[in-house]
Structures are given as C-alpha cells and as structure tokens.
Amino acid sequence: MTRSRSKTELVEPKGAAYVNYLTGIQASAMTKQLHRYLLASAFILLAACGTDEGFVPEELSIRPQVAELQFVNLIPDSPELLVAFVDDDANTAFSDVVEFGTSTVQRELLIDDYDLNVSYFDADGDQITIIENESIRLTDPDQLVYIFTGTLAAPNLEFRTFLEPQYDESPIESGTVEVWFTSGVVDPTSLDVYLTSPTEDLSSATPITNLIAGGVSEVLTIDRLTSYRLRVTSNNATEVLFDSGVFILSDRSRTLFALAEYFGPDLPGTTVPNVNGIGVNAFGSTSFSNSGLPSQLRAINLTSDLPAVDLYFGSTTDAPYTADLNRLEVGSYTDIDTGINNLNVTLPGVKDQFLFEQDLTVASGTFNTLVVFGSDTDDSLSSVLFINDARPIDQRVTINFVNTALVNNSANVYFLDPGQVVADSTPQIAGAATNSFSTFTARPATVDLVITSALNSSVLYGPERTTLTGGINYSFILVEDTISAGSTTELVVLEDAN
C-alpha cells in the first residue's frame, strides 16, 4: 500500500452540485467561526475562574479528532461494494456503499485503529467478503482515499493519505492545481495519460503519467490552465482510447482522475474502446459530459391504441428518429446525442401534430431503451427511459422491470424457485408503480416468474417458467392490453447479451 500527503478543494461542480458545493463551503466557514467562538469563550471562562496551575494554554486544541474517508470502486465485475470499519470490540463504526465506476463522498470517522472489511451480497443473498480485517490506523487530521481495483476473485486495495488544508504546512499555491491518477483497466495493461490544454497535439505532448492495471500515480502539482483535456492511449501508441473533452479545474484544487473499464457502444471508426474516465473530489465522482463517448437508444411501442408511431428528437423537419414503429415492435439501437433530447411522438408521416412530448436525458457511453405506452384516446400517453447496463457482473443476471399497466397501478414481482408459491415468498420488487423502472440482479437459474397486484394480490402474470441465463441482461415490461370492455396484462421480454 502507498501513502502520500497534501490537500485542497476539488473539481468545481456544476448546477445543483454547485449549490451543494457552495453550501459546503459556507458550512465549513460557519463551523470554523463556531470553533473560534467556543475557543474564545473558553479563554474568557478560564480568566473569570482564575488561574489553574495545572492548565497549559498550548494544550487547548480545536482540531477535530476525526479522519475523512472516501472510496472508489473500479472492480469491473463487482456489484455494489459494502465498506465497513470495525473497532476493537467488533462493532461496525463506519459503513458505506460504492457502485462500480463511482466514488462515495468524503465522510468522517473518529480517529482510532480499525479493521477494514469489504464485501458484497451475491445473488443468493449471502454476504461475500473480499477484503477482510485489513488493519487501518486513522490519524488526525487525515483524509484518505481508498481505491478498489482488480476483480472480485483477486481484489486490490490502494490508498492515499492527505492532510486537511488547515493543517497542511505546504498548501497548494494559487495558480496551481494538484492531480493524480489511477487505473482499473485490465486490457491494455499499460496506459499513457495526457493532461493538456484542449488544443495541444498529442504527437508533440508528453504523457503526464503511465499507469498499469491497479496502478496509482503520485500527486503532481501543475500550473492551472483556463481549461484542460484528458486523453488516454495505450503505452507508446497514438490511438486515443478515451478523450474527456474540455473541462476546467478550480484554482488550488486536487482531482483524482480514475480510469475504468468501458461497457458502452463502440466509438465509430476506431477499435472497441475499453476505457472510461471519471473525476473524483470530496463531493463524489462525476463523468465527463463532453467526452464524446457514443450513446445509443432503441424504442418500443407499447401504446394500447396506436398501431404505429413516428418518433422524433427535436425538430421534425428531418426524417424521424424511428419511423413506423408498430405496436409491440422493438426498434434497433441507433446513435443519439447525449444530454437533453426533446421526444416528439406523432402518427406515421405526420410532422406537425404531436401526440406526446417529453424531455429525456441521455448519459454518455450508454445503451438506452425508450418505452412509449398509454392511450392516445384517453390522453394518457407516457414514456419510460432506462439504461441497459451491458456490464457483466460476476455470477449475476441483471434484470430490469418496467410497469406500464395503467389500471392495476402497482405491482409486485416474484422470481420463485420452481413450485414455490407467492404466499411463502417476498417479492424481489415490491410496489412498482405505473410509469416506474426498477432493476436488480439475480443468479442464473430456472425460476417461476409471477407478477401480482400490490393492491389486492391478484395475479397479473404467471406463473411462467423462465430460465435466466448468465451473460444476458433481461428487461421485463408489464403492459396493459385493452380488450373491448375489459383489459388484461401481458409481459414483453427483451434479452440483451452482455
């Protein structure tokens, strides 16, 4: 394990995150002011009480006896990881959860000696420990970033230790920033990382660092530029595997750039990319919105009374994004711009009469499914957009569930052992409301799928004997089918290979 020191504020967030960022700064300032007030009050009280010969003013300290902890999960086959610090009495003093390709926020823990345990729950609900009783000594005033790489079968733990800014004797100077890097990418095992101005040509640039799988660089101080661009290539190669696009760093900030395995659509005209990047600061992790990683979307028409529809994103001047999408038809994955897209639904060939409109946000480097459902006659058209995670998770099957049934309102979903009955079971998804999306993971197995009403326990679908195969991402969509005076429900099943 490796340790190094330093500290300051991190990548400046945007939007709502920026409000939280400012709020955090204000809270910090208020806390410091409160510390000053309490300290002054203590001296006033001591002065009023006279002099205690046993009292040494230098021993009075306002330094909080806590360390700040943060965790980054780069294990590509992992479900969410559970992190726990256990004290000498075997009590859990601290716990947190970190998803793949993300980090937690910084959280505080009293300084002491602990054992670190990292685990996850398998598809049978059993807790599997992958790092056990790792001795950790927290000292004041530390900030620690823990990085998990490798695989579930062979995990790797690295960490860096920094001083809190107010106690750092060598703070980051104005006009500079601190950066450091880590990689959870397995292949290629050696990556060159470039952090440059946006226009600098890589042919004349020098990598800021080289990373092997599981590697962590030193913390580097560089001049602050107006803007930056992060690019990654294989060692001594020219093809760019990841390009962050343009971003900025706050003055006197520190940023961890973490490289992770990529599981999104292929980049046009290049070899298959397998590198994604995130920036990590005290407020958590963020993706690069200007990275240019491609996104794709497919649509499915589950409306009850529209035999076919055209789908547009934005202007209807050009050809539809999807034309003549028949009821129950699943379109093919097609490239789509990342960010906010304005969905317009029309009848085939009709450009100026919108049946339904909605703004949808598409994340970069993702596969997406758009479900359009409801009734035009009843003016109840709606849509659900969800991401199909193409990442294979060890010994697990990813299952998505979308409830588009209007009459039955909410549903419980059961994946039962063959022959098992609902009365003896707990639903894997409980109370899934109309227009909702849920996801969970299960083990590959043969199961009985049953969907019931959460309101009166009536069976809406099943039991249906279903085989869940490893390496497949399943999407189950409950749809209502109106028949003359009544209605029934059916299930649309989509299967995507990871």
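Right above here is the structure, for reference.
Considerations on the pattern of salt bridges
Okay, step 1: For the coordinates displayed, the defined rule picks out seven salt bridges.
Okay, step 2: Arg107 is the partner of Asp96 in a salt bridge, and the nearest nitrogen-oxygen pair spans 3.4 Å. Remark: Arg107 occurs in strand 5 (residues 107-110) and Asp96 occurs in strand 3 (residues 92-98); sequence separation between them is eleven residues.
Okay, step 3: On the basis of relative accessibility, which here comes to 33%, the residue Arg107 falls in the partly exposed class.

Examining the environment of Leu381
Okay, step 1: Note that Leu381 resides in the loop between strand 25 (367-374) and strand 26 (382-387).
Okay, step 2: Taking the C-alpha atoms as reference points, Leu381 and Ser304, 77 residues apart in sequence, are found 9.3 Å from one another.
Okay, step 3: Beyond its immediate sequence surroundings of up to four residues, Leu381 is in contact with Thr303, Leu306, Leu355, Phe356, Phe373, Gly374, Ser375 and Asp376.

What about the nonpolar core?
Okay, step 1: Counting residues in each nonpolar core, the largest one holds 24 residues, and the members touching the most others are Leu69, Phe71, Leu81, Phe85, Leu138, Tyr146 and Phe148.
Okay, step 2: Of all the elements in the fold, those that place two or more residues in this core are strand 1 (66-73), strand 2 (81-86), strand 3, strand 6 (113-121), strand 7 (127-137), strand 8 (142-150) and strand 9 (155-163).
Okay, step 3: With four residues, strand 6 is the single largest residue contributor to this core.
Okay, step 4: When neighbours within four sequence positions are excluded, Leu69 is seen to be in contact with Phe85, Phe94, Val105, Gln106, Arg107, Leu109, Leu138, Leu144 and Tyr146.

Looking at the packing of aromatic side chains
Okay, step 1: All chains considered together, the criterion is met by 22 aromatic pairs.
Okay, step 2: Residues Phe313 and Tyr321 carry aromatic rings whose centres are separated by 5.0 Å and whose planes lie at 85° to one another, so their mutual orientation is edge-to-face.
Okay, step 3: Within the aromatic cluster, the residues linked to one another by ring pairs are Phe71, Phe85, Phe94, Tyr114, Tyr146, Phe148 and Phe159.

So, the environment of Ser425
Okay, step 1: Its place among the elements puts Ser425 in the loop between strand 28 (410-416) and strand 29 (429-433).
Okay, step 2: Accessibility expressed as a relative area gives 16% for Ser425, which makes it buried.
Okay, step 3: Leaving out residues up to four positions away in the same chain, Ser425 has contacts with Tyr414, Leu416 and Gln420.
Okay, step 4: Within the local environment of Ser425, its side chain forms a polar contact with the side chain of Gln420, the two groups lying 2.9 Å apart.
Okay, step 5: One polar contact links the side chain of Ser425 to the main-chain carbonyl oxygen of Val421, over a distance of 2.9 Å.

A look at the sheet that holds strand 6
Okay, step 1: Reading across from one edge, 3-2-6-7 is the order of the four strands in this open sheet, with antiparallel pairing throughout. Sheet topology places strand 3 and strand 7 at the edges, where each strand pairs with a single neighbour. This sheet shows a mean twist of 20° between the axes of neighbouring strands, independent of strand direction.
Okay, step 2: As paired elements, strand 2 and strand 3 share six bridges and run antiparallel to each other. By the bridge assignment, Val86 is partnered in strand 3 with Thr92.

Side note on the sheet that holds strand 12 (residues 209-212)
Okay, step 1: Read across the open sheet, the four strands follow the order 12-11-14-15; overall the sheet is antiparallel. The open sheet is flanked by strand 12 and strand 15 (240-247), the only strands paired with a single partner. Taking each pair of neighbouring strands and ignoring which way they run, the sheet shows an average axis angle of 20°.
Okay, step 2: Two elements, strand 14 (residues 228-234) and strand 15, share five bridges in a ladder whose sense is antiparallel. Bridge pairing in strand 15 links Arg231 to Asp243.

Basis of the calculations
- Residues numbered from 1 in each chain as written.
- Predicted model: local features only at pLDDT ≥ 70, side-chain atom pairs only at ≥ 80, totals over all residues.
- Heavy atoms only, no water.
- Salt bridge = Lys/Arg side-chain N within 4 Å of Asp/Glu carboxyl O.
- Helix = DSSP H or I, 4+ residues; strand = E, 2+ residues; numbered from the N terminus.
- Buried < 20%, exposed > 50% of the residue type's maximum accessible area, 1.4 Å probe, protein only.
- Contact = heavy atoms within 4.5 Å.
- Core = buried A, V, L, I, M, F, W, Y, C linked by side-chain atoms within 4.5 Å.
- Phe/Tyr/Trp six-rings, centres within 6.5 Å; stacked < 30°, edge-to-face > 60°.
- Polar contact = N/O pair within 3.5 Å; in protein donor to acceptor, adjacent residues only side chain to side chain.
- Pairing = 2+ DSSP bridges.
- Axes fitted to C-alpha atoms, helices over the stretch in contact; angles between N-to-C directions.

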